[in-house]
Amino acid sequence: MDSFGQPRPEDNQSVVSRMQKKYWKTKQVFLKATGKKEDEHVVASDAELDAKLEVFHSIQETCTELLKIVEKYQLRLNAISEEENELGLFLKFQGERDATQAGRMMDATGKALCSSAKQRLALCTPLSRLKQEVATFSQRAVSDTLMTINRMEQARTEYRGALLWMKDVSQELDPDTLKQMEKFRKVQIQVRNSKASFDKLKMDVCQKVDLLGASRCNMLSHSLTTYQRTLLGFWEKTARMMSQIHEACIGFHPYDFVAFKRLQDTSSKLTEDHKEEQIEGNFLTKNLNK
């Protein structure tokens, strides 16, 4: 404003420019939301950026799914360990009351199952560490990259809106008219500034996505190596115990089990036998009477 409190002409032009900028930005948002086709050359120039965004969304989704899978895995590990321990206690209980070879086999197998159930729970420690590291990775690294992507998307929308604005102005441009040339130069400056801001954020996004992928590989490699080592140790100990039981039971008398595929109706058979006995008894009584 001037000294008399009246708005200056350049202030009015500034307000108009901001409104026009907001209009073209809103129009670009509308075009993107409705899925209308944009300039193919502008879209092709962002091909590398769009590929990086696909990688980011893949990392984001797989981290979320991995957290759910690890949580389910831990619950099922606890459940199978509990069932295995219950079976081991049952076999030990029955083996202590059976003095035969079968009792010795049940007692040894029960002890091995109880030991295996306890060792299986050791897998929960590396799984908990993996879950914690993935959760921290998602909350910090992924969230930070997502914030940069959101700023980049805003800058891209402003840049493409400015391109639409310049395209509209250039269609009505008359080189002989000074006012229109001045308007075109202002729009051109706006396009140049928005492109510089977009290019900077575009580079930041590409670098952060590359770093995010490398960080995830290092995290999973370290965490899964610990889990793999623990799992291998568990199976080695379990296989060793079962092999010892097998060697100790060599020479035991084998048991032959016969499974009945069909059960006969014994009650009806007993009724028929009883009827036959009654008939035979009546026949003998008649003969004695004669």
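The following refers to the structure shown. (Residues numbered from 1 in each chain as written. Predicted model: local features only at pLDDT ≥ 70, side-chain atom pairs only at ≥ 80, totals over all residues. Heavy atoms only, no water.)

In terms of helices and strands, the protein carries seven helices and zero strands. Mapped in sequence order, the helices and strands of the protein form the string α-α-α-α-α-α-α. For the protein, the residues scored as buried account for 26% of the 290 residues in total. When contacts within the protein are restricted to residue pairs at least 6 apart in sequence, those whose partners lie at least 24 apart make up 81%. With the model as given, the accessible surface of the protein reaches about 21000 Å², and the carbon-plus-sulfur share is 57%. (Helix = DSSP H or I, 4+ residues; strand = E, 2+ residues; numbered from the N terminus. Buried < 20%, exposed > 50% of the residue type's maximum accessible area, 1.4 Å probe, protein only. Contact = heavy atoms within 4.5 Å. Areas by Shrake-Rupley, 256 points an atom, 1.4 Å probe, with all protein chains shown as cover.)

Turning our attention to the nonpolar core. Leu49, Phe137, Met152 and Val205 are the most contacted members of the largest nonpolar core, which has 29 residues in total. Of all elements in the fold, only helix 3 (47-96), helix 5 (124-171) and helix 6 (178-248) reach the threshold of two or more residues within this core. The element best represented in this core is helix 5, accounting for 11 residues. Beyond its immediate sequence surroundings of up to four residues, Val205 is in contact with Leu49, Leu53, Thr148, Ile149 and Met152. (Core = buried A, V, L, I, M, F, W, Y, C linked by side-chain atoms within 4.5 Å.)

Once that is clear, we can look at helix 4 (residues 101-120). Taking 1.5 Å of rise per residue, the 20 residues of helix 4 would be expected to cover 28 Å, and the 28 Å separating its terminal C-alpha atoms lies within 8% of that figure. The set of residues buried in helix 4 consists of Ala102, Gly103, Asp107, Gly110, Ala112, Leu113, Cys114, Ser116, Ala117 and Arg120. (Expected span 1.5 Å × (residues − 1).)

Attention now goes to the pattern of salt bridges. Per the stated rule, a full pass over the model turns up 10 salt bridges. Between Lys200 and Asp204 there is a salt bridge, with its nearest N and O atoms 3.4 Å apart. Of this pair, Lys200 and Asp204 both sit in helix 6, separated by four residues, roughly a single helical turn. Under the relative-accessibility criterion, Lys200 is labelled exposed at 55%. On the basis of relative accessibility, which here comes to 23%, the residue Asp204 falls in the partly exposed class. One salt-bridge network, held together by shared partners, links Asp50, Glu153 and Arg156. (Salt bridge = Lys/Arg side-chain N within 4 Å of Asp/Glu carboxyl O.)

This part covers the side chain of Gln74. Along the chain, the position of Gln74 falls in helix 3. You can call Gln74 buried: its relative accessible area is 13%.

Within the element layout of this structure, Thr148 appears in helix 5. In contact with Thr148, other than residues within four places in its own chain, are Asp204, Val205 and Lys208.

What the rule picks out here adds up to three aromatic pairs. Taken together, a centroid distance of 6.2 Å and an interplanar angle of 80° make the contact between Tyr73 and Tyr227 edge-to-face. In this pair, Tyr73 is assigned in helix 3 and Tyr227 in helix 6, connecting sequence segments 154 residues apart. According to the relative accessible area criterion, Tyr73 is partly exposed, its value standing at 30%. Seen in terms of ring centroids, Tyr159 and Phe198 are 5.7 Å apart; in terms of plane orientation they differ by 15°. Their pairing is stacked. (Phe/Tyr/Trp six-rings, centres within 6.5 Å; stacked < 30°, edge-to-face > 60°.)

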